Amino acid sequence: MKIVIVDDHPVVRKGLKTILEENGYNICGEAEDGNTAVKTVADTEPDLVIVDIELKGNVNGIELIAALKTRFNRLPILVMSMDDGTLYAERSIQAGAKGYVTKAEASDNIINAIETVMSGKLFLSRSISDKTSRFKSSFV
């Protein structure tokens, strides 16, 4: 499986790349901003994109998700963010993401999140899904 990682912090990209490669995934591209992400996705044709909410430049992760879904409709997108509130998770899912994992939980849940999203199901970090039943019932 080919994955593109979009995060504005090089150390996060490197750490995530290491974890994923150790689990047999191929990181085919990386980007720190929305414009580079769209070009990278077009050039590499990944099976999955992992996107952070906060990015360099004038496009945030939610806007990037919407742009990617417009151009690459069937491309699964997983959000990995430090924000554990339901607002960004809900906006991400509404924009077209298929999952939301918090960075605090990522090392334990990232592989599970990827497998869940790639199987066509919605994945939400426990810290997100436990916060409100309204949110869970809206998207599950």
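Note that the structure is predicted; figures quoted are calculated from it, not measured. (Residues numbered from 1 in each chain as written. Predicted model: local features only at pLDDT ≥ 70, side-chain atom pairs only at ≥ 80, totals over all residues. Heavy atoms only, no water.)

**Q** Please give an account of the environment of valine 38 that cites residues and values.
**A** Counting through the fold element by element, valine 38 comes out in helix α2 (residues 34-44). Relative accessible area serves as the criterion here: at 21%, valine 38 is assigned to the partly exposed category. Along the backbone, valine 38 and leucine 64 are 26 residues apart, and their C-alpha atoms lie at a distance of 8.0 Å. Here valine 38 is in contact with Leu64, Leu68, Arg71 and Phe72, once residues within four sequence places are set aside. (Helix = DSSP H or I, 4+ residues; strand = E, 2+ residues; numbered from the N terminus. Buried < 20%, exposed > 50% of the residue type's maximum accessible area, 1.4 Å probe, protein only. Contact = heavy atoms within 4.5 Å.)

**Q** So, the environment of leucine 122: which residues are in play, and what are the values?
**A** Inspection of the secondary structure assignment puts leucine 122 in the loop between α5 (103-118) and β6 (123-124). Here leucine 122 falls in the partly exposed class, since its relative accessible area comes to 27%. Between the alpha carbons of leucine 122 and alanine 37 there is a distance of 23 Å; along the sequence they are 85 residues apart.

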